[in-house]
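# Descriptive analysis of the structure
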Amino acid sequence: MNGHSAPASVTAFRSVTLGVLDVDDSARFYEDVWYLTPVARAGGAAYFRASGDEHHTVVLRRADEPGLLRADFAAADRAAVDALYEQVARSGGRPLGAPALLDEPGDGYGFSFVDPEGRTIAVTADVQRHRDATPIENRPNKMSHLVLNATDTDATVAFYRTALGFRLRDETARMLFLGCNADHHSVAVTRMGNTSLNHVAFEVPDLNSLMRGTARVRRAGTDLEWGIGRHGPGSNIFAYFVDPNELAIEYTTNIDQVDDATYRPGTPADWKPPIPGNPDYWGFAAPPSERFERASGSLHPAAPRR
Ligand SMILES: [Fe+2]
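Thresholds applied
- Along each chain, residue indices are assigned from 1 in the same order as the chain's sequence is written.
- Residue-level local features of this predicted model are given only where pLDDT is at least 70; pairs of side-chain atoms are given and counted only at 80 or more, and the full residue set underlies all totals for whole chains, interfaces and linings.
- As a rule here, side-chain values come from all non-hydrogen atoms in the structure, and water together with hydrogens is ignored.
- Working definition: helices are DSSP H or I runs of at least four residues, strands are E runs of at least two. Numbering for both runs from the N terminus.
- As defined in this context, the radius of gyration uses C-alpha atoms, and a globule is described by 2.2 Å times the residue total to the power 0.38.
- Whether a residue is buried, partly exposed or exposed follows from its accessible area with a 1.4 Å probe, protein chains only, as a fraction of its type maximum: under 20%, in between, or over 50%, in that order.
- Note on areas: Shrake-Rupley, 1.4 Å probe, and residue coverage restricted to the protein chains presented here.
- Charge convention: Lys and Arg are scored as positive, Asp and Glu as negative, and His as well as the terminal groups of each chain are ignored.
- Charged side chains are reduced to one point each, which is NZ for Lys, CZ for Arg, CG for Asp and CD for Glu.
- Any two strands with at least two DSSP-identified bridges between them are counted as paired.
- N or O atoms within 3.5 Å of each other form a polar contact, as long as, within protein, one can give a hydrogen and the other can take it, and as long as residues adjacent in sequence are counted only when both atoms are side-chain atoms.
- Under the convention used throughout, the expected extent of a helix is 1.5 Å for every residue step, that is, one less than its residue count.
- To be clear, the arc concerns the directions from the helix axis to the C-beta atoms.
- Contacts between residues were defined by any pair of non-hydrogen atoms, one from each residue, lying within 4.5 Å.
- Pairing of aromatic side chains here covers Phe, Tyr and the six-membered ring of Trp, requires ring centres within 6.5 Å, and sorts the geometry by plane angle: under 30 degrees stacked, over 60 edge-to-face, intermediate tilted.
- Coordinating N, O and S atoms are those within 2.8 Å of the metal (3.2 Å for Na, K and Ca), and as water is not part of the atoms, a site may appear to have fewer donors than expected.
- The geometry test gives tetrahedral to four donors whose angles all lie between 85 and 135 degrees, gives square planar to four donors and octahedral to six donors whose opposite members are over 155 degrees apart with all other angles between 65 and 115, and gives irregular to the rest.
- We call a set of buried residues a nonpolar core when its members are Ala, Val, Leu, Ile, Met, Phe, Trp, Tyr or Cys and they connect through side-chain atoms within 4.5 Å of each other.
- Between the N-to-C directions of two axes lies an angle of 0 to 180 degrees, each axis being a line fitted to C-alpha atoms and, for a helix, fitted only over the stretch in contact.

## A short note on the overall build of the protein
Scanning the protein for helices and strands turns up 5 helices and 17 strands. Whereas a compact globule of 306 residues would reach a radius of gyration of roughly 19 Å, the protein reaches 18 Å, a difference of no more than 12%. With the C-alpha coordinates of the protein rotated into their principal frame, the extents come out at 50 × 45 × 35 Å. Counting the 306 residues in the protein, one finds 54% classified as buried. Counting every atom, the protein has about 13100 Å² of accessible surface; 50% of that belongs to carbon and sulfur. A gap of 2 Å separates the mean positions of the 31 positive and 40 negative side-chain charges of the protein.

Dropping the structure here:
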């Protein structure tokens, strides 16, 4: 690669591996309440798919401390995996091994690395795809986005841009939004001042799915912790919950589809919510619950008050 070409880029946010206190309990929640579908069990971990074509979107693995164990991003092909491997190593990521065939459900080719704040990230290609992919009302389609709290937000954002080819799509006072395909954002990095998982968002097909899905999750005894509302950057509609491990999760839909050639990233001055202090652009949602604030790392001692 010469110095003038665009950086190699990942093409999608594929899946998350969540550390959970009890794999079976959490599996029941993600299947019966959240409406993912079990697809494999391996090495003590439970794998779930959404209704899209990704082999799996969530892996649940036992951990003493719940949190994000790994986030997987797609590359277009094996050559792109190799290019990203070189780019990650040059950008300050610590590879956990050279690109290789993967020995895990879904197979594929890829590598993992540790980012500058210690998160484990994988880049993969040629993972098996489901042939029966179809949007099903009421069920997640795919992962939408991953929101990370960072200790050094600007350094983290710079790393994801140079190492993985993310594009800055917008910046507000409290977070920066990064995209790698037409979805407005696939990753966002907050200014909470601590390294932790803020939340993971699952895309549902449409507004009816979001409303009905939210109603179903509530009927199953899981409270809505924030929403229903509409974000500024990305315009996506949101409903936030907390899973049995006190991890923050979201159903979202209608995220803006953007084109890098024409999209102009907004600045904090551009993104002032219509009702000061309320990040719901409809002004409809009450503020997030304290439980959600805690689950999303927003009540950490280092986090600024909203
Ligand atoms: Fe979100």
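## Focus: the pairing of strand S8 (residues 109-114)
Burial runs high along S8: 6 of the 6 residues are buried. In S8, alternate side chains face the same way, and those of Tyr-109, Phe-111 and Phe-113 on one face and Gly-110, Ser-112 and Val-114 on the other are all buried. Counting the residues in the hairpin turn of S8 and strand S9 (residues 120-125) gives 5 residues, including Gly-118, whose phi is positive at 95°.

## Examining the side chain of Asp-72
On the secondary structure map, Asp-72 appears in strand S5 (residues 67-74). Separated by 2.8 Å, the side chains of Asp-72 and Arg-70 make a polar contact.

## Details of helix H4 (residues 207-219)
With 13 residues, H4 ought to run about 18 Å at 1.5 Å a step, and its terminal C-alpha atoms sit 18 Å apart, in line with that. All of the buried residues along H4 are Ser-209, Leu-210, Gly-213, Thr-214, Arg-216 and Val-217. Down the axis, H4 shows its buried residues gathered within 165° of arc, on one side only. Residues of H4 that are buried make contact with helix H1 (23-33), strand S15 (226-230), strand S16 (237-242) and strand S17 (248-253). In the stretch just after H4, Gly-221 is the one whose phi turns positive, near 100°.

## Some details on the packing of aromatic side chains
All chains considered together, the criterion is met by 19 aromatic pairs. With 6.0 Å between their ring centres and 55° between their planes, Phe-113 and Phe-159 make a pair best called tilted. Of the two residues, Phe-113 sits in strand S8 while Phe-159 sits in helix H3 (residues 153-164), which places them 46 residues apart along the sequence. Residues Phe-113 and Phe-159 agree in their burial class; the two are buried.

## Some thoughts on the coordination of the iron ion
At the metal site, the iron ion is ligated by His-145 (NE2), His-199 (NE2), Tyr-240 (OH) and Glu-250 (OE), and these contacts range over 2.0 to 2.7 Å. With 4 donor atoms in place around the iron ion and angles of 82 to 161° between them, the coordination shape is irregular. Each donor residue of the iron ion belongs to the same chain, and together they define the spacing H-x53-H-x40-Y-x9-E. Of the two residues, His-145 sits in strand S10 (residues 142-149) while Tyr-240 sits in strand S16, which places them 95 residues apart along the sequence. We classify His-145 as buried; its relative accessible area is 2%.

## Section: the nonpolar core
Formed by 61 residues in total, the largest nonpolar core has its most connected members in Trp-34, Phe-73, Leu-164 and Phe-202. Tyr-240, Val-242, Ala-285 and Phe-292 belong to the second-largest nonpolar core, a separate cluster that totals 8 residues.

## Points about the side chain of Gln-87
Relative to the elements of secondary structure, Gln-87 occurs in helix H2 (residues 78-90). Under the relative-accessibility criterion, Gln-87 is labelled buried at 3%. Side-chain polar atoms of Gln-87 contact the backbone oxygen of Ala-163, separated by 3.0 Å.

## A word on the sheet that holds strand S12 (residues 175-179)
Adjacent strands of a sheet pair through backbone hydrogen bonds, lying either parallel or antiparallel. Sheet architecture is open: 8 strands sit in the order S11-S12-S13-S10-S14-S17-S16-S15, paired in mixed fashion. In this open sheet, the two edge strands, each paired with only one partner strand, are strand S11 (167-171) and S15. Pairwise comparison of adjacent strand axes, ignoring direction, gives a mean angle of 20° for this sheet.

## Describing the pairing of S11
Direction of pairing for S11 relative to S12: antiparallel, over a ladder of 4 bridges. Paired with Glu-171 across the bridge in S12 is Leu-176.

## Some points on H1
Listed as buried for H1 are Val-23, Ser-26, Ala-27, Phe-29, Tyr-30 and Val-33. Regarding H1, its N-cap is Asp-22, as a side-chain oxygen of that residue lies 3.0 Å from the backbone nitrogen of Asp-24 further along. Following H1 by one or two positions, Tyr-35 has its phi on the positive side, about 70°.

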